[in-house]
Amino acid sequence: SDDQSSHKQVLTLYNPYEFPLKFKVLCTAPRKYTVVDSEGTIRPHCCVDIVVRHLDICINNEGVKDKLRIQVTEHGTKKIVGKKDIVAVLLPKKETSQQPEDNFQSLSGSTSSDSQPGTPSRAIRPGDRGQGGGGPSLIVIFTAVFCILALMLPLSGETGSRLPDYLHLTVNQKMIAAYILGLVTMVILHI
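Residues numbered from 1 in each chain as written. Predicted model: local features only at pLDDT ≥ 70, side-chain atom pairs only at ≥ 80, totals over all residues. Heavy atoms only, no water.

A. Main features of the side chain of Gln71. With respect to the helices and strands, the residue Gln71 is situated in strand β6 (residues 65-74). Assessed through its relative accessible area of 18%, Gln71 is described here as buried. Here Gln71 is in contact with Lys22, Phe23, Lys24, Leu26, Ile80, Gly82 and Lys83, once residues within four sequence places are set aside. (Helix = DSSP H or I, 4+ residues; strand = E, 2+ residues; numbered from the N terminus. Buried < 20%, exposed > 50% of the residue type's maximum accessible area, 1.4 Å probe, protein only. Contact = heavy atoms within 4.5 Å.)

B. Examining the UniProt feature "transmembrane region" (unreviewed entry) in the protein chain more closely. In the numbering adopted here, UniProt assigns the feature "transmembrane region" (unreviewed entry) to residues 138-157 and 169-189. Between the C-alpha atoms that bound residues 138-157 the distance is 34 Å, and the span itself is 75% helix and 0% strand. (UniProt positions renumbered as here; feature names shortened; annotations may be inferred.)

C. Looking closely at the sheet that holds strand β2 (residues 21-27). An order of β4-β2-β6-β7 is seen for the four strands of this open sheet, with the pairing classed as antiparallel. Each end of this open sheet is capped by a strand with a single partner; those strands are β4 (39-42) and β7 (80-89). With strand direction ignored, the average angle separating the axes of adjacent strands in the sheet is 25°. Of the strand pairs in this sheet, β2 and β6 are connected by seven bridges, and their pairing is antiparallel. Among the inter-strand pairings, Lys24 is bridged to a residue of β6, identified as Gln71. (Pairing = 2+ DSSP bridges. Axes fitted to C-alpha atoms, helices over the stretch in contact; angles between N-to-C directions.)

D. Main features of a nonpolar patch on the surface. Judged by side-chain polarity, Leu138, Ile141, Val145, Ile148, Leu149 and Met152 come together as a nonpolar surface patch covering roughly 610 Å² of accessible area. Structurally, the position occupied by Ile148 is in helix α1 (residues 138-152). (Patch = residues over 30% accessible without salt bridge, like charges linked within 9 Å, V, L, I, M, F, W, Y side chains within 5 Å. Areas by Shrake-Rupley, 256 points an atom, 1.4 Å probe, with all protein chains shown as cover. Salt bridge = Lys/Arg side-chain N within 4 Å of Asp/Glu carboxyl O.)

In structure tokens:
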């Protein structure tokens, strides 16, 4: 409740199918939330962002668990093909991810001439990248390049490609590559 930027969240819906889907957002406490575009259509292989905003920020709503349900139907029918429940809780204070700093000391003997036994020879501050330099590791870079290459490969069943069939990926394989690339991007941006 003390962090106004957390009162709004974005949910992304992705349609991996060859046909359009309809979605609808339901809530156990509809007066406490507003949803931009609470109903709509997701085109094949496209995504839609849904913005959910908590409206009733007060001490009485802190700790109360509300649920949002995203219900998906095939376009043109009323048959529900999927649903996802999401729990929303208004917390009193923003949770911090920073842990208290511990006083770690070297276990091996110090080689620095001005160091006292039991004191570190180099202080490590938040934001310091350590001895590895200023960028992401080679594994992170290699993973990103691999995912980008996987996304550039043709889909299985596509004709007219000169690449062998084993290099044609399914939609699910490309989705996994895109997901991993997103995670790697987040890692790179936070380094």
